[in-house]
Amino acid sequence: MGVQMGNHPSSLTDTETELASIARMLSHIRDSARALDAQAVEYCVEMALQAVANELRDRSELVIAAAGFDARTHSLQ
């Protein structure tokens, strides 16, 4: 069967929405640390932000790959 509307690659899961919220909070904390010239804190927060961004990217790639696989399967039928 085809991809249903709720599984559309552009829609976010609850986990992805939470990760995006965490990324926004980490960005704010990083910017605050930068403004305070707290380089060690800024570095640690930057590493955490990168991990969240990687997780979101990996999830997006999986969704896109799954949608692409489903589209190829559908075109063969």
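Before going into details, it helps to say that this report is about the structure given with it.

Criteria and cut-off values
- Sequence order as written defines residue numbering, which begins from 1 separately in each chain.
- In keeping with the predicted nature of the model, local features appear solely for residues at pLDDT of at least 70, side-chain atom pairs appear and are counted solely at 80 or more, and the whole-chain, interface and lining totals rest on all residues.
- In computing side-chain values, all of the structure's heavy atoms are included and hydrogens and water are not.
- Working definition: helices are DSSP H or I runs of at least four residues, strands are E runs of at least two. Numbering for both runs from the N terminus.
- With a 1.4 Å probe rolled over the protein chains alone, any residue whose accessible area is under 20% of its type maximum counts as buried; one over 50% counts as exposed, and the rest are partly exposed.
- In this description, contact between two residues means that some pair of their heavy atoms is separated by no more than 4.5 Å.
- In these tables, accessible area is a Shrake-Rupley quantity obtained with a 1.4 Å probe, and a residue counts as shielded only by the protein chains included in the view.
- Throughout this description, the term nonpolar core refers to a set of buried Ala, Val, Leu, Ile, Met, Phe, Trp, Tyr and Cys residues connected via side-chain atoms within 4.5 Å.
- Put simply, a salt bridge is a Lys or Arg side-chain nitrogen that is within 4 Å of an Asp or Glu carboxyl oxygen.
- Here a helix's expected span is defined as the number of its residues, less one, multiplied by 1.5 Å.
- Taken from the helix axis, the directions to the C-beta atoms give the arc we talk about.

## A short note on the overall build of the protein
Helix and strand counts for the protein come out as two helices and zero strands. In the protein, which comprises 77 residues, the proportion classed as buried is 17%. A sequence separation of at least 24 residues applies to 63% of the contacts in the protein between residues at least 6 apart. Total accessible area on the protein stands at roughly 5,900 Å², and carbon and sulfur atoms take up 62% of it.

## So, unusual backbone geometry
If you check the backbone angles, aspartate 37 has positive phi at about 60° while not being a glycine. Its relative accessible area of 57% is what places aspartate 37 among the exposed residues.

## Re the nonpolar core
Core analysis: the largest hydrophobic core is formed by six residues, namely Leu19, Ala23, Leu26, Val45, Leu49 and Val52. Broken down by secondary-structure element, the contributors of at least two residues to this core are α1 (14-35) and α2 (39-76). The residues contacting leucine 26, other than those within four sequence positions of it, are Val45, Ala48, Leu49 and Val52.

## Topic: the pattern of salt bridges
Under the defined criterion, the tally for this structure stands at six salt bridges. Ionic pairing is found between glutamate 46 and arginine 30, a salt bridge with its closest N-O pair at 3.1 Å. Of the two residues, glutamate 46 sits in helix α2 while arginine 30 sits in helix α1, which places them 16 residues apart along the sequence. With relative accessibility at 30%, the residue glutamate 46 sits in the partly exposed group. You can call arginine 30 buried: its relative accessible area is 15%. Two residues, arginine 34 and aspartate 31, come together in a salt bridge whose shortest N-O distance is 3.8 Å.

## Examining the environment of serine 60
Its place among the elements puts serine 60 in helix α2. Given a relative accessible area of 36%, serine 60 falls into the partly exposed group. Separated by 44 residues in sequence, serine 60 and glutamate 16 have C-alpha atoms that sit 9.0 Å apart.

## Details of α1
Counted at 1.5 Å a residue, the expected span for α1 with its 22 residues is 32 Å, and the 32 Å between its end C-alpha atoms agrees. Listing the buried residues of α1 in full gives Glu16, Leu19, Ala20, Ala23, Leu26, Arg30 and Ala33. With its buried residues spanning 140° around the axis, α1 presents them on a single face. Pointing more than 90 degrees away from the buried face of α1 are the exposed residues Asp14, Glu18, Arg24, Met25, His28 and Ala35. Positive phi appears at aspartate 37, one or two residues downstream of α1, with a value of about 60°.

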